[in-house]
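Fold and contact review
Here are the chains, one letter per residue:
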Amino acid sequence: EVRMKEFPYQFSGGMRQRALIALALACKPELVFADEPTTALDVTVQAEILDLLQTLQKEMGMSVVLISHNLNLIGERCRRVLVFYAGKIVEEASTEELFKNPCHPYTKGLLGSLLSIRQGEDQELSTMPGEVPNLLEDISYCAFAPRCPYAVKRCFEENPELIEVTPGHRCNCFRFEKEGAEK
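The structure reproduced in this document is the subject of the present report. (Residues numbered from 1 in each chain as written. Predicted model: local features only at pLDDT ≥ 70, side-chain atom pairs only at ≥ 80, totals over all residues. Heavy atoms only, no water.)

Here we come to helix H1 (residues 13–25). Over its 13 residues, H1 extends 18 Å from the first C-alpha to the last, a length consistent with the 18 Å expected when each residue adds 1.5 Å. The set of residues buried in H1 consists of Gly14, Gln17, Ile21 and Leu25. Projected onto a plane normal to the axis of H1, the buried residues spread over an arc of 65° and lie on a single side. Facing away from the buried side of H1 by over 90 degrees, the exposed positions are Leu20 and Leu23. Elements that come into contact with the buried residues of H1 comprise strand E1 (31–35) and helix H2 (43–60). (Helix = DSSP H or I, 4+ residues; strand = E, 2+ residues; numbered from the N terminus. Expected span 1.5 Å × (residues − 1). Buried < 20%, exposed > 50% of the residue type's maximum accessible area, 1.4 Å probe, protein only. Arc of directions from axis to C-beta. Contact = heavy atoms within 4.5 Å.)

Take the side chain of His169 next. Looking at the secondary structure, you find His169 in strand E6 (residues 169–171). Aside from chain neighbours lying at most four places away, what touches His169 is Glu91, Glu92, Ala93, Glu97, Asn101, Cys103, Ile163 and Glu164.

Here the focus is the sheet that holds strand E4 (residues 88–94). Ordered by their spatial adjacency, 4 strands build an open sheet running E3-E4-E6-E5, and the pairing between neighbours is antiparallel. Sheet topology places strand E3 (80–85) and strand E5 (163–166) at the edges, where each strand pairs with a single neighbour. Across the sheet, the mean angle from the axis of one strand to that of its neighbour is 30°, orientation sign disregarded. Bridge count for E5 against E6 is 3 bridges, and the pairing is antiparallel. Bridge assignment links Ile163 to a residue of E6, and that residue is Cys171. (Pairing = 2+ DSSP bridges. Axes fitted to C-alpha atoms, helices over the stretch in contact; angles between N-to-C directions.)

Among the secondary structure elements, Asn101 is positioned in the loop between helix H4 (95–100) and helix H5 (105–112). Spatially, the C-alpha atom of Asn101 lies 22 Å from that of Pro129, the residues being 28 residues apart in sequence. Sequence-distant contacts of Asn101, that is, excluding residues within four places in its chain, are made with Glu91 and His169.

What follows deals with unusual backbone geometry. Positive phi, normally seen in glycine, also occurs at Lys28, with a value near 50°. Position of Lys28 among the secondary structure elements: in the loop between H1 and E1. Looking at Lys28, the relative accessible area reads 65%, which means it is exposed. The phi angle at Glu36 is positive, at roughly 50°, despite the residue not being glycine. In this structure, Glu36 sits in the loop between E1 and H2. We classify Glu36 as partly exposed; its relative accessible area is 23%.

The values are spatial; any link to function lies outside them.
In structure tokens:
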């Protein structure tokens, strides 16, 4: 009753997130898009929010699409992953397969940038050279080509299609064009 009379600025970040989740779920949707639902929350509150979403997902029988830049969160909470670059899917696989066998150079770069407990203090995180393309421009070639260490002339001329590398694992890269084999 006390909270009903308070203003949003009087709530903590976690309380505001819970209120937004309650609003989103009030109509009992079949599908929820959770776009960065734990941004700017401490690790404990993040876990509570994600546990709450998972519990409600099971209770309500709904599907949840989790959108996040946090690959650790994706690895722990998702069954299937779609990796986007410049607004297009560049790789799709089960979470286990994607983390074990990333194919697209962008996915490899993302996974290479994760901190690891086993990583020594003297080891640097991998980085990707170049800049993200201007999405206001019409990109008729592979958007990742200017940053890709494997780019060839064709990458700057055509846009690759998603190709099945192994059953259930698709990649948007010319290197996998022949029967899913890496070139």
